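# A look at the structure
Spelled out, the chains give:
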Amino acid sequence: MSKVLVFASVQDGVLPKGSREILNAGKELSSVIGAEVEAVVVGADATGAAEELAKKGASKVYCASDTDLAGLVPDLYLTCIENAVKQSGADTILFDADSTGRDLGPKLAYRLGASLITEATTFVQKDGKLIWNRPCYGGNAMSTVITDRAVQVLTIRPHSYDADLADADSKGEIVNLPLEMDAASAATKVLEVIKEASKGLGVEDASVVVSGGRGIGSAEAFAGLQELADVLGGAVGASRAATDAGWASVSQQVGQTGKIIAPDLYIAIGISGASQHLTGITNAKNVIAINKDENAPIFQRATLGIVADYKSVLPELIEQCKKLIG
Ligand SMILES: Cc1cc2nc3c(=O)[nH]c(=O)nc-3n(C[C@H](O)[C@H](O)[C@H](O)COP(=O)(O)OP(=O)(O)OC[C@H]3O[C@@H](n4cnc5c(N)ncnc54)[C@H](O)[C@@H]3O)c2cc1C
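Residues numbered from 1 in each chain as written. Predicted model: local features only at pLDDT ≥ 70, side-chain atom pairs only at ≥ 80, totals over all residues. Heavy atoms only, no water.

### A look at the overall build of the protein
As a reminder, the rule being used: Going along the chain from the N terminus, every DSSP run of H or I of four or more residues is numbered as a helix, and every run of E of two or more is numbered as a strand. Taken over C-alpha atoms, the radius of gyration is set against a globule rule of 2.2 Å times the number of residues to the power 0.38. Burial classes: relative accessible area under 20% of the type maximum marks a residue as buried, over 50% as exposed, and values in between as partly exposed (1.4 Å probe, protein chains only). By definition in these notes, contact holds between two residues if any of their heavy atoms fall within 4.5 Å.
Each helix and strand counted, the protein has 10 helices and 15 strands in total. The C-alpha radius of gyration of the protein comes to 21 Å, within 12% of the 20 Å expected for a compact globule of 326 residues. Counting only residues that meet the buried cut, the protein has 49% of its 326 residues in that class. Intrachain contacts of the protein at a sequence separation of at least 6 include 63% that bridge at least 24 residues.

Spelled out as C-alpha coordinates, the structure:
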(Lines give C-alpha, C1' and ligand atoms only; values in the text may rest on other atoms or scores of the structure.)
Protein backbone atom coordinates (compact mmCIF):
# COMPACT_ATOMS: atom_id res chain seq x y z
CA MET A 1 0.00 0.00 0.00
CA SER A 2 1.18 3.52 -0.81
CA LYS A 3 2.41 5.79 1.89
CA VAL A 4 2.91 9.55 1.68
CA LEU A 5 5.63 11.29 3.70
CA VAL A 6 5.71 15.08 3.92
CA PHE A 7 8.80 17.03 4.92
CA ALA A 8 8.20 19.91 7.30
CA SER A 9 10.75 22.55 8.19
CA VAL A 10 10.66 24.56 11.42
CA GLN A 11 11.02 28.29 11.91
CA ASP A 12 11.61 29.55 15.44
CA GLY A 13 10.06 26.37 16.81
CA VAL A 14 6.84 26.57 14.77
CA LEU A 15 5.60 25.25 11.44
CA PRO A 16 5.96 27.88 8.71
CA LYS A 17 3.13 28.43 6.22
CA GLY A 18 4.81 26.29 3.54
CA SER A 19 5.03 23.29 5.88
CA ARG A 20 1.33 23.62 6.73
CA GLU A 21 0.50 23.77 3.01
CA ILE A 22 2.55 20.66 2.42
CA LEU A 23 0.74 18.72 5.14
CA ASN A 24 -2.58 19.64 3.50
CA ALA A 25 -1.19 18.55 0.12
CA GLY A 26 -0.21 15.23 1.69
CA LYS A 27 -3.62 14.82 3.32
CA GLU A 28 -5.43 15.51 0.05
CA LEU A 29 -3.20 13.09 -1.82
CA SER A 30 -3.57 10.37 0.79
CA SER A 31 -7.37 10.68 0.76
CA VAL A 32 -7.45 10.27 -3.04
CA ILE A 33 -5.07 7.31 -3.25
CA GLY A 34 -6.15 5.71 0.01
CA ALA A 35 -2.76 6.02 1.68
CA GLU A 36 -1.56 7.08 5.09
CA VAL A 37 0.17 10.43 5.48
CA GLU A 38 3.21 10.67 7.72
CA ALA A 39 5.57 13.57 8.32
CA VAL A 40 9.24 14.13 8.98
CA VAL A 41 10.24 17.30 10.78
CA VAL A 42 13.85 18.40 11.18
CA GLY A 43 15.32 21.35 13.05
CA ALA A 44 17.07 22.66 16.14
CA ASP A 45 13.84 22.85 18.12
CA ALA A 46 11.38 20.64 16.27
CA THR A 47 9.33 19.04 19.05
CA GLY A 48 6.51 21.66 19.10
CA ALA A 49 6.16 21.44 15.33
CA ALA A 50 6.08 17.63 15.57
CA GLU A 51 3.24 17.85 18.13
CA GLU A 52 1.28 20.10 15.79
CA LEU A 53 1.77 17.79 12.79
CA ALA A 54 0.59 14.85 14.90
CA LYS A 55 -2.52 16.76 15.99
CA LYS A 56 -3.34 18.01 12.51
CA GLY A 57 -3.43 14.78 10.57
CA ALA A 58 -0.04 13.06 10.27
CA SER A 59 -0.54 9.49 11.49
CA LYS A 60 3.15 9.27 12.43
CA VAL A 61 5.71 12.05 12.79
CA TYR A 62 9.45 11.34 12.58
CA CYS A 63 11.09 14.11 14.58
CA ALA A 64 14.79 15.01 14.46
CA SER A 65 15.34 17.79 16.97
CA ASP A 66 18.97 18.64 17.65
CA THR A 67 20.94 21.85 18.06
CA ASP A 68 23.28 20.63 15.27
CA LEU A 69 20.28 21.04 12.94
CA ALA A 70 20.17 24.83 13.40
CA GLY A 71 20.45 26.31 9.91
CA LEU A 72 20.12 24.16 6.82
CA VAL A 73 22.93 21.59 6.72
CA PRO A 74 21.92 19.43 3.74
CA ASP A 75 23.95 16.31 4.69
CA LEU A 76 22.49 16.21 8.20
CA TYR A 77 18.95 16.93 7.07
CA LEU A 78 19.13 14.30 4.31
CA THR A 79 20.44 11.66 6.70
CA CYS A 80 17.42 12.27 8.95
CA ILE A 81 14.93 12.33 6.07
CA GLU A 82 16.40 9.18 4.49
CA ASN A 83 16.15 7.46 7.85
CA ALA A 84 12.47 8.51 8.09
CA VAL A 85 11.77 7.24 4.55
CA LYS A 86 13.34 3.89 5.45
CA GLN A 87 11.32 3.53 8.65
CA SER A 88 8.09 4.67 7.06
CA GLY A 89 8.40 2.78 3.76
CA ALA A 90 6.93 5.85 2.01
CA ASP A 91 6.84 5.82 -1.78
CA THR A 92 5.76 9.44 -2.28
CA ILE A 93 7.72 12.17 -0.51
CA LEU A 94 6.54 15.77 -0.66
CA PHE A 95 8.54 18.97 -0.10
CA ASP A 96 7.46 22.57 -0.26
CA ALA A 97 9.14 24.15 -3.31
CA ASP A 98 10.75 26.84 -1.14
CA SER A 99 14.53 27.27 -1.02
CA THR A 100 14.87 24.40 1.49
CA GLY A 101 12.70 21.99 -0.52
CA ARG A 102 14.41 22.97 -3.78
CA ASP A 103 17.73 22.11 -2.18
CA LEU A 104 16.77 18.88 -0.39
CA GLY A 105 14.21 17.37 -2.80
CA PRO A 106 16.57 16.67 -5.72
CA LYS A 107 19.31 15.42 -3.40
CA LEU A 108 16.94 13.01 -1.67
CA ALA A 109 15.63 11.74 -5.04
CA TYR A 110 19.22 11.04 -6.08
CA ARG A 111 19.97 9.18 -2.85
CA LEU A 112 16.81 7.08 -3.15
CA GLY A 113 17.12 6.46 -6.91
CA ALA A 114 13.64 7.98 -7.12
CA SER A 115 11.90 10.13 -9.71
CA LEU A 116 11.89 13.86 -9.08
CA ILE A 117 8.94 16.03 -10.10
CA THR A 118 9.41 19.71 -9.35
CA GLU A 119 6.93 22.56 -8.81
CA ALA A 120 3.88 20.31 -9.08
CA THR A 121 0.50 21.85 -8.29
CA THR A 122 -2.43 19.47 -8.73
CA PHE A 123 -2.78 15.76 -9.42
CA VAL A 124 -5.29 13.21 -10.63
CA GLN A 125 -5.31 9.46 -10.30
CA LYS A 126 -6.00 7.50 -13.46
CA ASP A 127 -5.74 3.74 -13.95
CA GLY A 128 -3.90 3.48 -10.65
CA LYS A 129 -1.27 6.02 -11.74
CA LEU A 130 -0.72 9.48 -10.35
CA ILE A 131 -0.63 12.22 -12.94
CA TRP A 132 0.94 15.46 -11.74
CA ASN A 133 0.37 18.88 -13.24
CA ARG A 134 3.03 21.54 -13.20
CA PRO A 135 3.15 24.98 -14.80
CA CYS A 136 5.87 25.66 -17.37
CA TYR A 137 6.94 28.52 -19.66
CA GLY A 138 6.30 31.11 -16.99
CA GLY A 139 2.84 29.72 -16.23
CA ASN A 140 1.70 29.97 -19.88
CA ALA A 141 1.33 26.20 -20.22
CA MET A 142 0.79 23.19 -18.00
CA SER A 143 2.72 19.96 -18.36
CA THR A 144 1.56 16.61 -17.03
CA VAL A 145 4.06 14.20 -15.58
CA ILE A 146 3.79 10.48 -14.82
CA THR A 147 6.58 8.38 -13.42
CA ASP A 148 7.10 4.63 -13.61
CA ARG A 149 9.55 4.52 -10.71
CA ALA A 150 8.43 2.98 -7.47
CA VAL A 151 9.40 5.99 -5.40
CA GLN A 152 8.74 9.60 -6.31
CA VAL A 153 9.92 12.82 -4.69
CA LEU A 154 7.96 15.98 -5.37
CA THR A 155 8.36 19.65 -4.69
CA ILE A 156 4.97 21.35 -4.49
CA ARG A 157 4.57 24.92 -5.66
CA PRO A 158 3.82 27.35 -2.82
CA HIS A 159 0.18 28.51 -2.53
CA SER A 160 -1.16 25.41 -4.29
CA TYR A 161 -2.77 24.15 -1.05
CA ASP A 162 -4.46 25.84 1.89
CA ALA A 163 -2.27 26.68 4.88
CA ASP A 164 -5.05 26.34 7.48
CA LEU A 165 -4.85 23.00 9.23
CA ALA A 166 -7.90 21.24 10.64
CA ASP A 167 -7.63 19.10 13.77
CA ALA A 168 -7.46 15.37 13.07
CA ASP A 169 -9.80 12.82 14.70
CA SER A 170 -6.91 11.25 16.56
CA LYS A 171 -3.39 12.27 17.45
CA GLY A 172 -0.55 10.70 15.49
CA GLU A 173 2.42 8.93 17.01
CA ILE A 174 5.74 10.78 17.38
CA VAL A 175 8.94 8.84 16.68
CA ASN A 176 12.22 10.47 17.72
CA LEU A 177 14.96 10.25 15.11
CA PRO A 178 18.47 10.33 16.56
CA LEU A 179 20.96 12.30 14.48
CA GLU A 180 22.96 9.45 12.95
CA MET A 181 25.69 11.58 11.45
CA ASP A 182 28.48 13.45 13.15
CA ALA A 183 27.90 17.15 12.44
CA ALA A 184 31.66 17.66 12.06
CA SER A 185 31.77 15.31 9.05
CA ALA A 186 29.07 17.17 7.08
CA ALA A 187 30.40 18.61 3.82
CA THR A 188 28.58 21.90 4.42
CA LYS A 189 28.82 23.75 7.69
CA VAL A 190 26.70 26.64 8.88
CA LEU A 191 29.13 29.13 10.35
CA GLU A 192 26.58 31.73 11.34
CA VAL A 193 22.86 32.39 10.88
CA ILE A 194 22.26 36.07 10.17
CA LYS A 195 18.62 37.03 10.46
CA GLU A 196 17.46 39.71 8.09
CA ALA A 197 16.07 42.73 9.92
CA SER A 198 12.29 42.46 9.67
CA LYS A 199 10.78 45.04 7.31
CA GLY A 200 7.20 44.08 8.07
CA LEU A 201 5.40 41.64 5.80
CA GLY A 202 7.44 39.47 3.43
CA VAL A 203 6.47 39.27 -0.24
CA GLU A 204 5.10 35.76 0.30
CA ASP A 205 2.59 36.95 2.92
CA ALA A 206 1.57 40.39 1.60
CA SER A 207 -1.70 40.87 -0.27
CA VAL A 208 -0.15 43.79 -2.18
CA VAL A 209 3.38 43.62 -3.60
CA VAL A 210 5.09 46.60 -5.24
CA SER A 211 7.98 45.21 -7.23
CA GLY A 212 10.80 46.98 -9.00
CA GLY A 213 13.14 45.92 -11.77
CA ARG A 214 16.24 47.14 -13.59
CA GLY A 215 14.19 50.00 -15.03
CA ILE A 216 14.12 51.67 -11.61
CA GLY A 217 17.71 52.68 -12.28
CA SER A 218 19.38 52.97 -8.87
CA ALA A 219 19.33 51.80 -5.26
CA GLU A 220 18.13 55.23 -4.09
CA ALA A 221 15.21 55.22 -6.53
CA PHE A 222 14.41 51.62 -5.59
CA ALA A 223 14.09 52.61 -1.93
CA GLY A 224 11.33 55.01 -3.04
CA LEU A 225 9.04 52.03 -3.84
CA GLN A 226 8.60 51.46 -0.10
CA GLU A 227 6.39 54.57 0.14
CA LEU A 228 3.81 53.11 -2.26
CA ALA A 229 4.00 49.74 -0.52
CA ASP A 230 3.44 51.44 2.86
CA VAL A 231 0.41 53.37 1.62
CA LEU A 232 -1.10 50.13 0.29
CA GLY A 233 -0.13 48.07 3.34
CA GLY A 234 2.06 45.86 1.18
CA ALA A 235 5.63 44.68 0.71
CA VAL A 236 8.37 45.54 -1.77
CA GLY A 237 9.48 42.83 -4.19
CA ALA A 238 12.12 42.76 -6.89
CA SER A 239 13.14 41.17 -10.16
CA ARG A 240 16.37 39.26 -10.25
CA ALA A 241 18.06 42.11 -12.10
CA ALA A 242 17.22 44.45 -9.22
CA THR A 243 18.34 41.85 -6.68
CA ASP A 244 21.59 41.19 -8.54
CA ALA A 245 22.24 44.94 -8.63
CA GLY A 246 22.07 44.92 -4.82
CA TRP A 247 19.01 47.20 -4.67
CA ALA A 248 16.93 44.55 -2.92
CA SER A 249 17.67 41.49 -0.79
CA VAL A 250 17.43 37.95 -2.11
CA SER A 251 14.39 37.36 0.11
CA GLN A 252 12.52 39.98 -1.94
CA GLN A 253 13.19 38.35 -5.32
CA VAL A 254 10.11 37.12 -7.13
CA GLY A 255 10.29 34.37 -9.73
CA GLN A 256 11.65 31.00 -10.66
CA THR A 257 14.71 31.28 -8.45
CA GLY A 258 13.00 33.61 -6.00
CA LYS A 259 9.62 33.52 -4.28
CA ILE A 260 6.42 32.16 -5.80
CA ILE A 261 3.72 34.53 -4.57
CA ALA A 262 -0.04 34.95 -4.85
CA PRO A 263 -0.96 38.53 -3.85
CA ASP A 264 -4.30 40.18 -4.64
CA LEU A 265 -2.39 42.97 -6.37
CA TYR A 266 1.08 42.92 -7.92
CA ILE A 267 2.52 46.20 -9.20
CA ALA A 268 5.48 45.63 -11.54
CA ILE A 269 7.52 48.78 -12.11
CA GLY A 270 10.38 48.80 -14.62
CA ILE A 271 10.18 45.01 -15.00
CA SER A 272 10.20 43.56 -18.51
CA GLY A 273 8.28 40.36 -17.68
CA ALA A 274 10.77 37.60 -18.47
CA SER A 275 9.24 34.12 -18.16
CA GLN A 276 11.43 33.39 -15.11
CA HIS A 277 9.90 36.42 -13.38
CA LEU A 278 6.32 35.65 -14.47
CA THR A 279 6.63 32.16 -12.98
CA GLY A 280 6.59 33.81 -9.58
CA ILE A 281 3.29 35.62 -10.13
CA THR A 282 1.21 33.00 -11.92
CA ASN A 283 -1.32 33.13 -9.07
CA ALA A 284 -1.38 36.92 -8.58
CA LYS A 285 -5.01 38.06 -8.88
CA ASN A 286 -4.34 41.47 -10.47
CA VAL A 287 -1.19 42.82 -12.07
CA ILE A 288 -0.51 46.49 -12.79
CA ALA A 289 2.54 47.10 -14.98
CA ILE A 290 4.36 50.39 -15.43
CA ASN A 291 6.90 50.24 -18.23
CA LYS A 292 8.09 52.74 -20.80
CA ASP A 293 8.29 50.07 -23.53
CA GLU A 294 4.82 49.31 -24.86
CA ASN A 295 6.09 45.98 -26.20
CA ALA A 296 7.38 44.74 -22.85
CA PRO A 297 6.06 41.19 -22.24
CA ILE A 298 4.80 42.17 -18.77
CA PHE A 299 1.84 43.85 -20.50
CA GLN A 300 0.68 40.41 -21.73
CA ARG A 301 0.24 39.41 -18.09
CA ALA A 302 -1.05 42.76 -16.81
CA THR A 303 -4.65 43.44 -15.83
CA LEU A 304 -3.85 47.13 -16.22
CA GLY A 305 -0.87 48.60 -18.05
CA ILE A 306 0.65 52.08 -17.93
CA VAL A 307 3.08 52.86 -20.75
CA ALA A 308 5.24 55.60 -19.25
CA ASP A 309 8.46 56.48 -17.54
CA TYR A 310 7.69 55.37 -13.99
CA LYS A 311 9.21 58.58 -12.61
CA SER A 312 6.36 60.54 -14.14
CA VAL A 313 3.72 58.18 -12.70
CA LEU A 314 4.88 57.03 -9.26
CA PRO A 315 4.56 60.32 -7.28
CA GLU A 316 1.01 60.87 -8.57
CA LEU A 317 0.08 57.24 -7.94
CA ILE A 318 1.26 57.55 -4.33
CA GLU A 319 -0.66 60.85 -3.87
CA GLN A 320 -3.90 59.41 -5.29
CA CYS A 321 -3.59 56.23 -3.19
CA LYS A 322 -3.03 58.35 -0.07
CA LYS A 323 -6.18 60.37 -0.86
CA LEU A 324 -8.28 57.25 -1.53
CA ILE A 325 -7.01 55.17 1.38
CA GLY A 326 -6.64 58.08 3.79
C1 LIG B 1 17.69 30.10 -14.60
C2 LIG B 1 17.20 31.51 -14.48
C3 LIG B 1 16.44 31.85 -13.39
C4 LIG B 1 15.96 33.15 -13.26
N5 LIG B 1 15.17 33.46 -12.17
C6 LIG B 1 14.64 34.70 -12.10
C7 LIG B 1 13.77 35.05 -11.03
O8 LIG B 1 13.52 34.27 -10.10
N9 LIG B 1 13.23 36.29 -11.02
C10 LIG B 1 13.49 37.22 -12.01
O11 LIG B 1 12.95 38.33 -11.94
N12 LIG B 1 14.33 36.92 -13.02
C13 LIG B 1 14.92 35.69 -13.07
N14 LIG B 1 15.79 35.42 -14.08
C15 LIG B 1 16.26 36.53 -14.94
C16 LIG B 1 15.27 36.89 -16.04
O17 LIG B 1 15.52 36.11 -17.18
C18 LIG B 1 15.43 38.38 -16.43
O19 LIG B 1 16.75 38.62 -16.80
C20 LIG B 1 15.05 39.34 -15.30
O21 LIG B 1 13.77 39.03 -14.80
C22 LIG B 1 15.03 40.77 -15.87
O23 LIG B 1 14.77 41.68 -14.84
P24 LIG B 1 14.09 43.07 -15.17
O25 LIG B 1 12.75 42.84 -15.79
O26 LIG B 1 14.14 43.87 -13.94
O27 LIG B 1 15.14 43.72 -16.18
P28 LIG B 1 15.04 43.96 -17.74
O29 LIG B 1 14.64 42.74 -18.47
O30 LIG B 1 16.29 44.65 -18.13
O31 LIG B 1 13.81 44.98 -17.88
C32 LIG B 1 13.83 46.30 -17.44
C33 LIG B 1 12.53 46.94 -17.91
O34 LIG B 1 12.42 48.25 -17.38
C35 LIG B 1 11.85 49.09 -18.37
N36 LIG B 1 12.24 50.46 -18.04
C37 LIG B 1 13.50 51.02 -18.13
N38 LIG B 1 13.47 52.27 -17.66
C39 LIG B 1 12.19 52.53 -17.29
C40 LIG B 1 11.54 53.66 -16.74
N41 LIG B 1 12.24 54.79 -16.45
N42 LIG B 1 10.21 53.58 -16.49
C43 LIG B 1 9.51 52.46 -16.76
N44 LIG B 1 10.08 51.36 -17.29
C45 LIG B 1 11.41 51.38 -17.53
C46 LIG B 1 12.39 48.58 -19.67
O47 LIG B 1 11.54 48.95 -20.74
C48 LIG B 1 12.42 47.08 -19.43
O49 LIG B 1 11.23 46.46 -19.87
C50 LIG B 1 16.27 34.13 -14.23
C51 LIG B 1 17.05 33.78 -15.33
C52 LIG B 1 17.51 32.48 -15.45
C53 LIG B 1 18.33 32.11 -16.65
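### What to know about the sheet that holds strand β8 (residues 141–145)
The strands making up a sheet associate through backbone hydrogen bonding, with each pair oriented either parallel or antiparallel. We apply this condition: Here the rule is simple: two strands pair whenever DSSP picks up at least two bridges between them. Here the axes come from fitting lines to C-alpha atoms, over the contacting stretch only for helices, and the angles between their N-to-C directions go from 0 to 180 degrees.
Taken together, the three strands give an open sheet; going across it, the order is β6-β7-β8, and neighbouring strands pair in antiparallel fashion. Each having just a single partner strand, β6 (123–126) and β8 make up the two edges of the open sheet. Going across the sheet, the axis of each strand differs from the next one's by a mean of 30 degrees, ignoring polarity. The pairing of strand β7 (residues 129–136) with β8 spans five bridges and is antiparallel. Residue pairing across strands places W132 opposite V145, the latter belonging to β8. Its contacts with the sheet place helix α1 (residues 17–33) against β6 and β7, and it is angled at close to 15 degrees to β6.

### Here we look at helix α2 (residues 47–55)
Residues lying three or four places apart along an α-helix face the same way, a consequence of the helix completing one turn every 3.6 residues. For the record, the criterion: When we speak of the arc, we mean the arc of directions from the helix axis to the C-beta atoms.
The complete set of buried residues in α2 reads A49, A50, L53 and A54. Taken down its axis, α2 places every buried residue within 140 degrees of arc, on the same side. Residues of α2 that are buried sit in contact with β1 (3–9), α1, β2 (36–43), β3 (60–65) and β10 (173–176). Backbone geometry just downstream of α2 places G57 in the positive-phi region, at approximately 130 degrees.

### Observations concerning the packing of aromatic side chains
Threshold: Side-chain rings of Phe, Tyr and Trp (the six-membered ring for Trp) are treated as a pair once their centres are within 6.5 Å; stacked means planes under 30 degrees apart, edge-to-face means over 60, and tilted covers the remaining angles.
A full pass over the atoms with the stated rule returns three aromatic pairs. Between F123 and W132, the aromatic rings sit 5.3 Å apart at their centres with planes inclined by 50 degrees, giving tilted as the arrangement. Note on F123: relative accessible area 11%, which makes it buried. We classify W132 as buried; its relative accessible area is 2%.

### Some details on the nonpolar core
Worth spelling out the cut-off: For the purposes of this section, nonpolar cores are sets of buried Ala, Val, Leu, Ile, Met, Phe, Trp, Tyr and Cys residues that join through side-chain atoms within 4.5 Å.
Residues V41, L53, L94 and W132 are the most contacted members of the largest nonpolar core, which totals 31 residues. Put simply, the parts of the chain that give this core at least two residues each are β1, α1, β2, α2, β3, β5 (115–120), β7 and β9 (152–156). When near neighbours in sequence (up to four residues on either side) are disregarded, L53 contacts A8, L15, L23, A39, V41, A58 and V61. Ranked by size, the runner-up nonpolar core spans 27 residues in total, among them A64, L69, V153 and M181.

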